[in-house]
Structures are given as C-alpha cells and as structure tokens.
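Read off the chains here:
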Amino acid sequence: MVAAVSGAVQHIVVMGVSGSGKSTTGGALAARLGWPFIEGDGFHPEANVAKMRAGVPLDDDDRAPWLRALAQAFARNQAAGQGSVMGCSALKRAYRDILRGGAPRVRFLHVHGSRALLEERLQSREGHFFPAKLLDSQLATLEMLGPDEDGAVVDMALSVEDQVDQALRLLGLRA
Ligand SMILES: Nc1ncnc2c1ncn2[C@@H]1O[C@H](COP(=O)(O)OP(=O)(O)OP(=O)(O)O)[C@@H](O)[C@H]1O
Ligand SMILES: O=C(O)[C@H](O)[C@@H](O)[C@H](O)[C@H](O)CO
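Residues numbered from 1 in each chain as written. Chains lettered and ligands numbered in written order. Predicted model: local features only at pLDDT ≥ 70, side-chain atom pairs only at ≥ 80, totals over all residues.

## Some points on the packing of helix 1 (residues 22-33) against helix 7 (residues 160-170)
At a minimum axis separation of 9 Å, helix 1 and helix 7 run at an interaxial angle of 60°. As the angle between them shows, helix 1 and helix 7 are arranged oblique. For the element pair helix 1 and helix 7, the recorded crossing hand is right-handed. In contact with T24, T25, A28, L29 and R32 of helix 1, helix 7 contributes V160, Q163, V164, A167 and L168. Within the contact of helix 1 with helix 7, the residues separate by chemical class into six nonpolar, three polar and one charged. (Axes fitted to C-alpha atoms, helices over the stretch in contact; angles between N-to-C directions. Helix = DSSP H or I, 4+ residues; strand = E, 2+ residues; numbered from the N terminus. Parallel < 35°, antiparallel > 145°, perpendicular 65-115°, else oblique. Left-handed = near helix turned anticlockwise from the far one by under 90°. Contact = placed C-beta atoms within 7 Å. Nonpolar A, V, L, I, M, F, W, Y, C, P; charged D, E, K, R; others polar.)

Following this line, the structure appears as structure tokens:
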C-alpha cells in the first residue's frame, strides 16, 4: 500500500512507557502507511539492555547516545525522501527534542493508559528483557506532550486497529 500524504515528508514517533504498545501499534501504523518501521529498542547499546534486564532504570546519560542514533535514523530516511514510523519511549520533552533534531517534521503519537493495564500487559508478555518492576520509574519519568508539541494521544485500551484509525485521523494522515 502506498501512502498518500499531503505535504512534506514526515516521521511519527509512537511513544509511551514500556508495555503501552509502541511496537505493536507503531508496526501497524507503519504498515497502513506503507512506511518503514524503526524499532527503537533495537538501537539500545548492549549496556542499556543489560541495565534494564538487571532491573535498573536508564538515566539521561544512558539514553542520550541512543536518542542521537534514532535521530540519525530519521535523518537517513529524510535524505531518501522517505517518511517513517518509530517506536521509542521518548519519555521526556528533552528526549523528544533530540528526536526532532533528526528531521524537519517529527511528530508524536503517545499510546497511553492506566497503570493497571500497563502492568497487566507487561506481566503477560513473554520473552522480553524489560521487567515489570521498572514500570513505576517509567511513569515517574514520563512527561506528557505539551500543547506546543506536534502530536496526539491514543488510548492503549483500544484495539490496535482502532488506535491506528484514530492516529490517522488525529494526525491528518491518509493511508
Ligand atoms: N491495543 C492492544 N490491545 C491488546 N494488547 C496489546 C495492544 N497493544 C499491545 N498489546 C500487547 O501488549 C504487550 C506490550 O506491547 P508492546 O510490546 O507493543 O509494547 P511496547 O510499548 O513496545 O513495549 P516496550 O517498550 O517494553 O518494548 C504485548 O504483549 C502486545 O501484544
Ligand atoms: O527509555 C527507556 O527507559 C527505554 O526506552 C525503555 O522504555 C525500554 O527501551 C523499552 O520501553 C523496553 O522495551
């Protein structure tokens, strides 16, 4: 399917705390748009993954090189004239600023929901390095999108299909 989007090339970061559904919703949104999906987790240095696996939250210094690598991924797609979708927690505004540095139009889709549902999803997920006990630090770090930030919020309790429909509508995208 080829995306018909009015205007310039754009990039969508599907953001949220661990377990919110960034990979699932982001992958589905990318498929609907016909754009590549960038899995942010795949860009973490091994030391970051080891830290999270050990139950220790990442700090700003851990996340900075990872975010810069993700911004470069946007820059490469931008240079190719290709829009893209990325799954990345992007918990703080300062982190989103780094991502915005990668391309002229970087927008955000925040997948958000209750702590109870997040915990349920994290606990039922198998074969993933991220432990549910880090959920509270993720929520404490999260800064919601500001009114001046280009983006939208969807409810993680919705089906993936409904989330994608809402995202397309809220972000004014045609797939
Ligand atoms: N809309 C949804 N409805 C029901 N289950 C969902 C939905 N979205 C995701 N899930 C399930 O919730 C779990 C977490 O989803 P996913 O791995 O996509 O989250 P994530 O935000 O990418 O997590 P992480 O950042 O830790 O990688 C998975 O088991 C996934 O199948
Ligand atoms: O900023 C962070 O703390 C990390 O990106 C985490 O959110 C994890 O990478 C991911 O969500 C776990 O899979």
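## Brief notes about the environment of R105
On the secondary structure map, R105 appears in the loop between helix 4 (93-100) and strand 4 (106-112). Residue classification places R105 among the partly exposed residues on the basis of 15 C-beta atoms within 10 Å. Distance in space between the C-alpha atoms of R105 and A8 is 8.0 Å, their sequence separation being 97 residues. (Buried ≥ 20, exposed ≤ 12 C-beta atoms within 10 Å, placed from the backbone.)

## Details of the sheet that holds strand 3 (residues 84-87)
One open sheet accounts for five strands, arranged 2-3-1-4-5; its pairing is parallel. The open sheet terminates on both sides in strands that have one partner only, identified here as strand 2 (37-39) and strand 5 (151-155). The average angle at which neighbouring strand axes cross in this sheet is 20°, direction not considered. Looking at chain direction, strand 2 and strand 3 are connected through three bridges and run parallel. Within strand 3, the residue paired with I38 across the bridge is M86. (Pairing = 2+ DSSP bridges.)

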